[in-house]
Amino acid sequence: MTAIYQREMRSYLTSAVGYVFLAVFYAIAGYYFFATSLVSNSTDLSYVFSNLFSIVIFLVPMLTMRLFSEERKQKTDQLFYCAPVTLWSVVLGKFLAAVGVLCVSLAGTGLYLVILSRYTTLAVGSLVAHYLAFALLGACYIAVGLFMSTLTDSQITAAVLALAANMLLQLGEMSSVNTVSPYLPFLPALMKCIALNQHYAQIASGVFYPTDVGYFIAFAAVFLCASVGVLAGRKRR
């Protein structure tokens, strides 16, 4: 798994994908920091994170679109099936590399904290909660995008599928309150279970429950298991 992780991190650092992701992320984050904190003289970064929460839905597919689709297109995925490594090692290595790039982008926003700390005392607990919630949410979207990347050999298709899945997750949760389905009575409850926003808001508010973290871990694990299942089926064929 370590070798796969290092290989993917080098790939992000030697290609345009990682740099484009970081550039777009910092451009958007910088704009919201300027607009919601500096201009309004506010030390509350929750507005920055809430806006980035919406933007990350569109940015994460950029990180995940090539993870397996490019391997399949170039036929290098055959190495995973023949090499003495488990498919779980391959999936986790690629997943952790994408999460690592996301964490690097979050670490860069520490500059905002340095700026604010010169004028006020920061609420460390609240900031840690926001960073943790954002990292967990991003990891879930990365798991979804990685799974979509196993389904196709086209990076564009993988990105579109990941974006569509992320938006459906958001729409499903938002519409679960008003959804009434007499023919599928379980549908509203099922849609309500997709509570990424709810668990994100719970952690970001500073009210920390292990079940919230466990939800994100379980959510990501489901899609990672699905990815391994797709690769295992392809290996048998």
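Preceding this paragraph is the structure being described.
Worth saying up front: this structure is predicted, and the values here are computed from it rather than measured.

### Focus: the pattern of salt bridges
Using the criterion set out here, one finds five salt bridges in the structure. A salt bridge links R7 to E71; its shortest N-O distance comes to 2.7 Å. Here R7, found in helix 1 (residues 2-14), pairs with E71, found in helix 4 (residues 69-73); they are 64 residues apart in sequence, far enough to count as distant. A salt bridge links R66 to E8, with the shortest nitrogen-to-oxygen separation between them at 3.3 Å.

### Quick look at the nonpolar core
Counting 69 residues, the largest nonpolar core has F134, L196 and Y200 as the members making the most contacts within it. With residues up to four places along the chain from it excluded, the contact list for F134 reads F25, F49, L52, F53, V56, L102, L106 and Y200.

### Some details on the packing of aromatic side chains
Throughout the structure, instances matching the rule amount to 11 aromatic pairs. Centroid distance Y215 to F216: 6.0 Å. Interplanar angle 75°. Geometry classified as edge-to-face. When its relative accessible area of 18% is taken as the criterion, Y215 is described as buried. Linked through ring pairs, F21, F25, Y26, F49, Y131 and F134 together constitute an aromatic cluster. Directly above the ring of Y12 sits R66, whose terminal nitrogen or CZ lies 5.6 Å from the centroid. Lying over the aromatic face of F68, K94 brings its terminal NZ or CZ to 5.1 Å of the ring centre.

### Re the packing of helix 1 against helix 6 (residues 87-108)
Each pair of packed helices can be summarised by the angle the axes make with each other and by the distance between the axes. Close contact between helix 1 and helix 6 brings their axes to 8 Å; oriented N to C, the two are set at 40°. In terms of orientation, helix 1 and helix 6 fall into the oblique class. Like other packed secondary-structure pairs, helix 1 and helix 6 cross with a definite hand, here right-handed. Within the contact between the two elements, helix 1 uses I4, Y5, R7, E8, M9 and Y12 and helix 6 uses S89, V90, G93, K94, L96, A97, A98 and V101.

Rules behind the numbers
- Residues numbered from 1 in each chain as written.
- Predicted model: local features only at pLDDT ≥ 70, side-chain atom pairs only at ≥ 80, totals over all residues.
- Heavy atoms only, no water.
- Salt bridge = Lys/Arg side-chain N within 4 Å of Asp/Glu carboxyl O.
- Helix = DSSP H or I, 4+ residues; strand = E, 2+ residues; numbered from the N terminus.
- Core = buried A, V, L, I, M, F, W, Y, C linked by side-chain atoms within 4.5 Å.
- Buried < 20%, exposed > 50% of the residue type's maximum accessible area, 1.4 Å probe, protein only.
- Contact = heavy atoms within 4.5 Å.
- Phe/Tyr/Trp six-rings, centres within 6.5 Å; stacked < 30°, edge-to-face > 60°.
- Lys NZ or Arg CZ within 6 Å of the ring centre and 35° of its normal.
- Axes fitted to C-alpha atoms, helices over the stretch in contact; angles between N-to-C directions.
- Parallel < 35°, antiparallel > 145°, perpendicular 65-115°, else oblique.
- Left-handed = near helix turned anticlockwise from the far one by under 90°.

Note that all results are geometric; they support no functional claim without further evidence.
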